[in-house]
Amino acid sequence: MSEPKPPSPPSGDTYKGWLFKWTNYIKGYQRRWFVLSNGLLSYYRTQAEMGHTCRGTINLATANIAVEDSCNFVISNGGAQTYHLKASSEVERQRWITALELAKAKAIHMQAESDDSGDEGPMVPPSSGQGGGCRNSEIQSTLRTLNSKVEDLSTCNDLIVKHGSALQRSLSELEGIRVGGDMGEKIRQVTERATLFRITSNAMINACRDFLSLAQTHSKRWQKALQTEREQRIRLEETLEQLAKQHNHLERAFRGATVLPPSFSNPTLGNKGKDDDNEFFDAMEDPAEFITVPADPKYHRRSGSNVSGISSETGMDDQSFDELSLTSNPESPQPLDIEPVRQRRTRIPDKPNYYLNLWSIMKNCIGKELSKIPMPVNFNEPLSMLQRLSEDLEYYELLDKAAKCQSSLEQMCYVAAFTVSSYSTTVNRTGKPFNPLLGETFELDRLRECGYRSLCEQVSHHPPAAAHHATSEKGWSLRQEITLASKFRGKYFSIMPLGSIQCMFDKSKNHYSWKKVTTTVHNIIVGKLWIDQSGEIDVVNHRTGDRCHLKFVPYSYFSRDVPRKVTGVVTDKDGKAHYVLSGTWDEKMEFSRVMQSSKGENGTEGKQRTVYQTLKAKEIWRNNPLPEGAENMYYFSSLALTLNEPEEGVAPTDSRRRPDQRLMEEGRWDEANTEKQRLEEKQRTVRREREREALKAASSPEEAVTEDSFSDSPLKSAHQDNYQALWFEQIDDPISGEKMHVYKGGYWEAKEQGSWDMCPDIF
């Protein structure tokens, strides 16, 4: 009397079945076995693969589910993964949509509970007075019951349509028959079909009554439970904020009790105080690796003889380090008449006073890679990462002076100071630079003013990587390829630059290399954001074997050291120390010539520290003061203010031409956010087109790109090799032993000719 009822989703959180998945333009839709479990949708080629080979998984907590037509639907998590799926029928598609939406709601709920419980703590079921596990089990049981009732209603609806149509046909036939012997048979058929229709209608009515009764029974309880959960979440967030504030109060109280000097009580203050010998400091302080003491006075006497094997030149403490190095250089250039150059801007529009609840956005990103998370421009500063990378050349004069040094050890001091100086502009720069688009470039042409020019290009998007090349008329060149990795850990997030920086000098053929340290942004939850640099850098001269070991000391409330402290020792290939460097990465660096070294007494943790006897310290680098009103202009330096200034003749891919960045600089943030989303979607479209071209270019089964060789993600780095950088080429770097993009030439010639036909349309 009725048609067989299709199977309902199985009990529990797992739903399985066959769907057709779009793979590529060659194979089209392919049949795949999908499994929905614990908020994750995974697929396999066959059911047998479930035990060993998963072909792909998407997290529904961050996914968007969209219906295209009667059988097709799309699941996407914001561009990184997209599944185009097709069911065998509209009913089957609706069952999947229902199961997916329920799984997504639960996944979001579980993720919210996980975020509230802490950064890396285990996920536990919520508890309440009646028991969170029992309540969750009750809700799941009720949902399964309601789902079963909906299936019953669907079946009854199909039967009503079927039997109603049959009854209508019988009535039509009854009207057209003649009075005769077949009257009784027709009336019997109509009566039978009317009875079936009545039974089915009664079943529908009863199912509706049961569903309505069940929904009414649980509706108020669910509303109350939902309100309770919402109130608990609000209380948890308020408690977390109060705890953070109490933490800050305790820190301030501790600093007051230990009589720390004002300059140490707040790492965001720029003024540095002097140490007080009578102050008390906690024993948790990390002991220094070495200490310095004034050298014996005999080393300061000017004499033509050698003292302890050290030439008399080392005793000239009356002369500056620059004079020692440069006066002995017969090729030091004479002053020339300076040719007038263009006036560059000294201001940008003030930063709008937009309110931004940073924690409300960042709390769902704990433990994730920030470069893959779309961020509004409210987090940004109106510069791209390529422009920020070019700011490393703020103190290019240090390399100019290094190029004139006669001694490789003296040259190392300048190079080491240059590595430290590149961090000075970051001390108050809490804004995030724009992630460059693939193929985006930035030129910094200061040939007339400063004698150097540089070029940056974004050569990879995920992971984000930028190649940089700079050359100077003063006889040095710089190249680097930086890939950023970042992690958010709740109260702070860290940016770890990966990649090598290399500096070459034409005259001496000295070749230096080093890597960057970790940048950490603190006080994400509450308080004023502040930045710290921490880690160690080894600057190596690969020609001579000279080395400078720099240590960026992380800020600590328990340390007697000044904030942002940096120390370093310059040694030759035999490990003998020649210079000691000290200072801070935001203000200045000094050097001292080592006259004698010895092993000192053990430190607080049993570590034996080296004692260096040194001459009087000389300043080798000091930061430039910020322009007036910098606090209203993102704390940009004078150089940073000029980086996004419109300039004629630059490439169409130059960061100055980026529309969302320009809108943000002008204070039109809403328009900038809209434009940023358009550019990102355009980049995804270009990526997909590049993948299609790769498929078409496959000339044999061995070379063909299959479904499993790259996913639906348009930004997956596994196929970033489909993109070829325009101005840089990848080589096996003999210095670092890694692959590195180096400048292959042609950019400045193209600019001189005004020929940019080869540049892609990225904006």
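Before any of the text, the structure's been laid out above.
Note that this is a predicted model, so its numbers are computed, not measured. (Residues numbered from 1 in each chain as written. Predicted model: local features only at pLDDT ≥ 70, side-chain atom pairs only at ≥ 80, totals over all residues. Heavy atoms only, no water.)

### Examining the overall build of the protein chain
Argument step 1. Looking only at helices and strands, one finds 14 helices and 27 strands in the protein chain.
Argument step 2. Partitioning the contacts of the protein chain with sequence separation of at least 6, the portion at a separation of at least 24 is 59%.
Argument step 3. Accessible surface, the protein chain as shown: approximately 39,200 Å² in total, 51% of it carbon and sulfur. (Helix = DSSP H or I, 4+ residues; strand = E, 2+ residues; numbered from the N terminus. Contact = heavy atoms within 4.5 Å. Areas by Shrake-Rupley, 256 points an atom, 1.4 Å probe, with all protein chains shown as cover.)

### Quick look at the pairing of strand 7 (residues 82-86)
Argument step 1. Pairing analysis gives two bridges linking strand 1 (residues 15-24) to strand 7, with the strands arranged antiparallel. The partner of K21 across the bridge, within strand 7, is L85.
Argument step 2. Direction of pairing for strand 6 (residues 72-76) relative to strand 7: antiparallel, over a ladder of five bridges. Its bridge partner lying in strand 7, F73 is registered against L85. (Pairing = 2+ DSSP bridges.)

### Points about helix 9 (residues 408-421)
Argument step 1. For helix 9, built from 14 residues, the straight-helix expectation of 20 Å at 1.5 Å per residue is met to within 8% by its first-to-last C-alpha distance of 20 Å.
Argument step 2. Burial within helix 9 is extensive, with 14 of its 14 residues counted as buried. (Expected span 1.5 Å × (residues − 1). Buried < 20%, exposed > 50% of the residue type's maximum accessible area, 1.4 Å probe, protein only.)

### Comments concerning the side chain of R656
Argument step 1. Secondary-structure assignment places R656 in the loop between helix 11 (638-643) and helix 12 (659-665).
Argument step 2. Polar contacts involving the side chain of R656 include one to the main-chain carbonyl oxygen of E645, which spans 3.4 Å.
Argument step 3. A distance of 2.8 Å separates a polar atom in the side chain of R656 from a polar atom in the side chain of D654.
Argument step 4. In this structure, R656 is in contact with Q387, F442, E443, L643, N644, E645, E647, V650 and R662, ignoring residues within four places of it in sequence. (Polar contact = N/O pair within 3.5 Å; in protein donor to acceptor, adjacent residues only side chain to side chain.)

### Considerations on the pattern of salt bridges
Argument step 1. Throughout the structure, instances matching the rule amount to 34 salt bridges.
Argument step 2. For D445, the salt bridge is made with K751, and the minimal N-O distance between the two is 3.7 Å. Residue D445 is found in strand 11 (residues 441-446), and its partner K751 is found in helix 14 (residues 747-753); the two are separated by 306 residues along the sequence.
Argument step 3. Each of R342, R344, E449, E645, E647, D654 and R656 takes part in one network of salt bridges that share partners. (Salt bridge = Lys/Arg side-chain N within 4 Å of Asp/Glu carboxyl O.)

### So, the sheet that holds strand 4 (residues 56-59)
Picture the strands of a sheet paired through backbone hydrogen bonds; they go either parallel or antiparallel.
Argument step 1. If you trace the seven strands from one edge of the open sheet to the other, you get 4-3-2-1-7-6-5, paired in antiparallel fashion. Each of the sheet's edge strands pairs with one partner strand only, and the pair in question is strand 4 and strand 5 (64-67). Sheet twist, expressed as the mean angle between neighbouring strand axes with direction ignored, is 35 degrees. (Axes fitted to C-alpha atoms, helices over the stretch in contact; angles between N-to-C directions.)

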